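The primary structure of each chain is shown beneath.
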Amino acid sequence: PQIAKFFGVLALLASLAAPAGAAELVDRVVAVVNGKLITLFDVNTRVADMVQQTQGVALKPDDPRLDDLRRQVLESMITDLVIESEATKLKLTVSETEIDSQIEEIKKKNNLTQQQFVTELAKEGLTLKQFRDKLRVDSIKKRLLGFMVHRKVLVTDDEIRDYYEKNKGSLAAA
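Residues numbered from 1 in each chain as written. Predicted model: local features only at pLDDT ≥ 70, side-chain atom pairs only at ≥ 80, totals over all residues. Heavy atoms only, no water.

A. The arrangement of the overall build of the chain in detail. Helix and strand counts for the chain come out as seven helices and two strands. Along the chain, helices (α) and strands (β) appear in the sequence α-β-β-α-α-α-α-α-α when read from the amino end. Within the chain, buried positions represent 21% of all 174 residues. Surface accessibility of the chain: about 12900 Å² in total, with carbon and sulfur atoms responsible for 60%. (Helix = DSSP H or I, 4+ residues; strand = E, 2+ residues; numbered from the N terminus. Buried < 20%, exposed > 50% of the residue type's maximum accessible area, 1.4 Å probe, protein only. Areas by Shrake-Rupley, 256 points an atom, 1.4 Å probe, with all protein chains shown as cover.)

Structure, rendered in structure tokens:
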């Protein structure tokens, strides 16, 4: 099943590299992740936002870097949906209070008032809501990663016993 998903995503990525003559195509489904659709419009919107945030860098429609950027954005969107799905399965959440605390910490570190903070976000092409959403996703990613690492680093009682038996001579009595 994982291989089939991989080849399905690979085929969808290849379909993004449409010829320049297909410029009239506005929307189509480019990926399906756990029943959720990612459309060409979604990808292009995210790409346009990224290009806008990189002030002074203009990409023409036929620029090959644009195709690479689209592929990277699609991969990122797929990853985000997979992470969201796993976080939902594991019931991982981030509260509004946690987001508020993170924002307060950022403002404090940078010595910013709320208005200055919002102004700085606007310079980056972000609204406060978009920034909060990004913080939420980042926090969930960190929790999911922590969960996955913790699950892999589980030490059994037998492993503890074996270690103790092999090393009891060198372990100091407390």
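B. Expanded view of the packing of helix 2 (residues 40-53) against helix 3 (residues 64-89). Two elements in contact, helix 2 and helix 3, have axes separated by 9 Å at closest approach and are oriented at 115 degrees. The angle between helix 2 and helix 3 falls in the class roughly perpendicular. In this structure, the crossing between helix 2 and helix 3 has a hand that is right-handed. Counting all contacts with helix 2, which are made through D42, V43, N44, R46, V47, M50 and V51, the residues of helix 3 involved are L66, L69, R70, V73, L74, S76, M77 and D80. Taken together, the residues of the contact of helix 2 with helix 3 break down into nine nonpolar, two polar and four charged. (Axes fitted to C-alpha atoms, helices over the stretch in contact; angles between N-to-C directions. Parallel < 35°, antiparallel > 145°, perpendicular 65-115°, else oblique. Left-handed = near helix turned anticlockwise from the far one by under 90°. Contact = heavy atoms within 4.5 Å. Nonpolar A, V, L, I, M, F, W, Y, C, P; charged D, E, K, R; others polar.)

C. Region of the structure containing the nonpolar core. Among the nonpolar cores identified, the biggest contains 14 residues, and V30, I38, V43, V47, V73, L74 and I78 are the most heavily contacted of them. If you list the elements that add at least two residues to this core, you get strand 1 (29-33), helix 2 and helix 3. When residues of this core are assigned to their parent elements, the largest contribution, seven residues, is made by helix 3. In terms of nonpolar packing, the next biggest core, distinct from the first, is built from 13 residues, A87, L92, L126 and I140 among them. (Core = buried A, V, L, I, M, F, W, Y, C linked by side-chain atoms within 4.5 Å.)

D. Focus on the pairing of strand 1. Examined bridge by bridge, strand 1 and strand 2 (residues 36-39) share four bridges and lie antiparallel to one another. Bridging across to strand 2, V29 finds its partner in T39. Linking strand 1 to strand 2, which pair antiparallel, is a turn of two residues; within it N34 sits at a positive phi near 50 degrees. (Pairing = 2+ DSSP bridges.)

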